[in-house]
Amino acid sequence: MKNILNFLRAQRGWLTLIAIAVSAVAGFVFWQQSQAAQAQAAERASRRTQVIERGDLVATVSATGSLQPEQQAGVAFLIPGTVAEVLVKTGDVVQAGQVLARLESTDLQLAVQQAEDALRIAELRLQKLRAGPDEDDIAIAKANVRAANAAAYDLQRGAGPEEAQIAKLNYDEALENFRKLNEQYNNLVQFAADNPQFAPPQEMLDQLKRNQENAYYQAEIARLQYEQAKNPADPGSLAVAYARIAQAQAQLDQLLAGPTQVQLEQAELAVAQAQLALDQAKTRLARAELRAPIAGIVSAVNIRVGEPAVAGVPAVVLLDADRFRLEVTVNEVDVARLAVGQPVKVAVEALPDTPLTGRVERIAPVSVVQSGAVNYVVRILLDETEARLRAGMSATVEVTVARVTNVVLAPNWAIRRDRQTGQAYLSVQRGDELVEVPIETGLRGETLTEVISGAQPGDIAAVSIRRESPIGGGN
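Please read these numbers as outputs of a predicted model, since none were measured by experiment.

Considerations on the overall build of the protein chain
Reasoning step 1: The number of helices and strands found in the protein chain is eight helices and 21 strands.
Reasoning step 2: Here the protein chain holds 475 residues, and the buried ones make up 31% of them.
Reasoning step 3: A separation threshold of at least 6 residues defines the contact pool for the protein chain, and within that pool the share at least 24 residues apart is 77%.
Reasoning step 4: Accessible area for the protein chain stands at about 28,900 Å²; split by element, carbon and sulfur atoms hold 53% of it.

Structure below.
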């Protein structure tokens, strides 16, 4: 009996060990199942999912840049001179045509006055020629003929002491008149040589020269008359007297016949030349004023009163305050979707609550390479606005390049494109598994892509966060 009891006690030890072993194995299996369930739950929790739906999609191209005035003008004097007035300062708003500054113009104003006088003289001479001789001119010419005949008659019969004295006085008077005209002509010629910019018209000089020469001839005639009055008449003196008769008669005949065509053409040419000289003088005077070519804001003033102004160097710089533009760089992929004239939305960083609009004005035909990327410069012209814009403000432009409605939309993060084949794949959830299905894509936006085939509304796009690959990625 004792042996039986000992045997049973030994068998109970083994049974206990076996029970413990079985229990351990069962616990390990349960732990493994629990860990698998937890891992599966963690995998599901780490997935990014989105239900595929129908909707509208807008594709845009955006870029940033800084505002610049649509027009900028550096205004310069066209002639050199000394600055007399500066009428604007930086920040002033000016209108087109407004005077900005002036040069000293006393000499230029005098030149205009002289040119006006010369034109008036030329016009009066032409007017007199066209009107023909008046009765006074004809009477004077006839009187000159009678005087010439009388002088020849007196010369033939001889002159007494009283007539000689009168001839002497006439000669002195004629000589003095010649000296005055000669001095006036020489002084004017010298002035013209010293001051070519203020030189009188050539017609005026020619007229003074003719007056001088006529005075010389009159003085010479008076001298000869005086010599004749002092001395008995000789054949030479009589010949001069007869020549004077012929000259006086010729002048009378010319007056009665009226001006010739050549004389009229010369007088008309003199008027035209005088008008041209006046126009040139007025142009030089106008260039002493600096006027704004556009309406805008004064951004710089580079001159001071009393200092010389250099012709051609900008004295005042103006910015167009009404129209602004900005130039942005767009990559070679997006630029293919842009076209001149496309409407643009513009957001200015300094004015976030002021939406602006514009249009694509120009797309550069040649690319620029920046950090290895191929880009194109696109110019955007803003529409007129009352917003208080300033040159240099940062702005972002957005151009709508395409739009579709009521299409199947999938998130970009769930789409992968094979770089070698170009095939696009959409990662979707089927049960607890993730499956990549081939799809045909259409328009691509910033966050969504149009799916033409391969997916339906209600499908669940899903990716594991640990291996999420956005559209356009590699294998």
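Quick look at the packing of helix 2 (residues 106-131) against helix 7 (residues 261-286)
Reasoning step 1: Relative orientation of the contacting elements helix 2 and helix 7 amounts to 160°, with a least axis distance of 8 Å. Regarding the angle of helix 2 to helix 7, the classification is roughly antiparallel. Judged by the sense of rotation from one axis to the other, the crossing of helix 2 with helix 7 is left-handed.
Reasoning step 2: Its residues assigned to classes, the contact of helix 2 with helix 7 comprises 18 nonpolar, three polar and seven charged.

Side note on the side chain of arginine 47
Reasoning step 1: In this structure, arginine 47 sits in strand 1 (residues 47-51).
Reasoning step 2: Judged by relative accessible area, arginine 47 falls into the buried class, the value being 12%.
Reasoning step 3: Here the side chain of arginine 47 touches glutamine 429 through a polar contact of 3.2 Å, side chain to side chain.
Reasoning step 4: Not counting the four nearest positions on each side in its chain, arginine 47 is found in contact with Gln429, Asp432, Glu433, Leu434, Val463 and Ser464.

Observations concerning helix 2
Reasoning step 1: Taking 1.5 Å as the rise per residue, helix 2 with 26 residues should run 38 Å; its terminal C-alpha atoms sit 38 Å apart, in good agreement.
Reasoning step 2: Leu108, Ala111, Val112, Ala115, Ala118, Leu119, Ala122, Leu126 and Leu129 are the residues of helix 2 that are buried.
Reasoning step 3: Downstream of helix 2 by a residue or two, glycine 132 has a phi angle that is positive, lying close to 80°.

Regarding the sheet that holds strand 3 (residues 72-75)
What links the strands of a sheet is backbone hydrogen bonding, and the strands pair in either a parallel or an antiparallel sense.
Reasoning step 1: If you walk across this open sheet you meet the four strands as 3-10-8-5, and the pairing is antiparallel. Strands with a single pairing partner mark the edges of an open sheet, and in this sheet they are strand 3 and strand 5 (93-94).
Reasoning step 2: As defined by bridge partners, strand 5 adjoins strand 8 (residues 296-301) across two bridges and the pair is classed as antiparallel. When the bridges of strand 8 are listed, valine 93 appears paired with isoleucine 297.

Here's the deal with the confidence of the model for the protein chain
Regions with low pLDDT carry predicted coordinates that are not meant to be interpreted in detail.
Reasoning step 1: Confidence in the prediction for the protein chain averages 82 pLDDT; 85% of positions are at 70 or higher.
Reasoning step 2: Between the elements of the protein chain, mean pLDDT differs from a low of 57, seen in helix 1 (residues 2-45), to a high of 94, seen in strand 6 (residues 99-103).
Reasoning step 3: Considering only residues more than four positions removed or in separate chains, one finds that residues 468-475, a stretch of pLDDT under 50, has 26 contacts.

Here we look at the pairing of strand 6
Reasoning step 1: When you tally the buried positions in strand 6, you get four out of five residues, the bulk of the element.
Reasoning step 2: Sheet analysis places strand 4 (residues 81-86) next to strand 6, joined by three bridges and oriented antiparallel. Within the sheet, the bridge partner assigned to valine 86 lies in strand 6 and is alanine 101.
Reasoning step 3: Here strand 6 runs beside strand 7 (residues 289-291); their pairing, made up of three bridges, is antiparallel. When the bridges of strand 7 are listed, alanine 101 appears paired with leucine 290.

Remarks on the sheet that holds strand 6
Reasoning step 1: With antiparallel pairing, the four strands of this open sheet are ordered in space as 7-6-4-9. Each edge of the open sheet carries a strand with a single partner, namely strand 7 and strand 9 (308-309).

As for the environment of alanine 274
Reasoning step 1: Topologically, alanine 274 is positioned in helix 7.
Reasoning step 2: Taking C-alpha positions, alanine 274 is 6.3 Å from alanine 118, a pair spaced 156 residues apart along the chain.
Reasoning step 3: Beyond its immediate stretch of four places on either side in the chain, alanine 274 contacts Ala115, Ala118, Leu119 and Ala122.

Considering the pattern of salt bridges
Reasoning step 1: According to the stated counting rule, one finds twelve salt bridges in the structure shown.
Reasoning step 2: Across the salt bridge formed by aspartate 92 and lysine 89, the nearest N and O atoms sit 3.2 Å from each other.
Reasoning step 3: Taking the relative accessible area as the measure of exposure, lysine 89 reaches 54% and is therefore exposed.
Reasoning step 4: For glutamate 289, the salt bridge is made with arginine 102, and the minimal N-O distance between the two is 2.9 Å. Separated by 187 residues along the polypeptide, glutamate 289 in strand 7 and arginine 102 in strand 6 bring together distant segments of the chain.
Reasoning step 5: We classify glutamate 289 as partly exposed; its relative accessible area is 26%.
Reasoning step 6: It is possible to trace a salt-bridge network through shared partners that takes in Glu85, Arg102, Glu289 and Arg291.

Side note on unusual backbone geometry
Reasoning step 1: Of note, the phi angle at serine 371 is positive, near 55°, even though the residue is not glycine.
Reasoning step 2: Here serine 371 shows up in the loop between strand 14 (368-370) and strand 15 (373-382).
Reasoning step 3: Phi is positive for asparagine 406, which is not a glycine, with a value near 55°.
Reasoning step 4: Summarising the element assignment, asparagine 406 is placed in strand 16 (residues 394-411).
Reasoning step 5: Using a relative accessible area of 52% as the deciding quantity, one classes asparagine 406 as exposed.

What about the packing of aromatic side chains?
Reasoning step 1: In the structure shown here, the tally under the stated rule is two aromatic pairs.
Reasoning step 2: Ring pairing ties together the aromatic residues Phe178, Tyr216 and Tyr217, which thus form one cluster.

Procedures and definitions
Residues numbered from 1 in each chain as written. Predicted model: local features only at pLDDT ≥ 70, side-chain atom pairs only at ≥ 80, totals over all residues. Heavy atoms only, no water. Helix = DSSP H or I, 4+ residues; strand = E, 2+ residues; numbered from the N terminus. Buried < 20%, exposed > 50% of the residue type's maximum accessible area, 1.4 Å probe, protein only. Contact = heavy atoms within 4.5 Å. Areas by Shrake-Rupley, 256 points an atom, 1.4 Å probe, with all protein chains shown as cover. Axes fitted to C-alpha atoms, helices over the stretch in contact; angles between N-to-C directions. Parallel < 35°, antiparallel > 145°, perpendicular 65-115°, else oblique. Left-handed = near helix turned anticlockwise from the far one by under 90°. Nonpolar A, V, L, I, M, F, W, Y, C, P; charged D, E, K, R; others polar. Polar contact = N/O pair within 3.5 Å; in protein donor to acceptor, adjacent residues only side chain to side chain. Expected span 1.5 Å × (residues − 1). Pairing = 2+ DSSP bridges. pLDDT = per-residue confidence, 0-100. Salt bridge = Lys/Arg side-chain N within 4 Å of Asp/Glu carboxyl O. Phe/Tyr/Trp six-rings, centres within 6.5 Å; stacked < 30°, edge-to-face > 60°.

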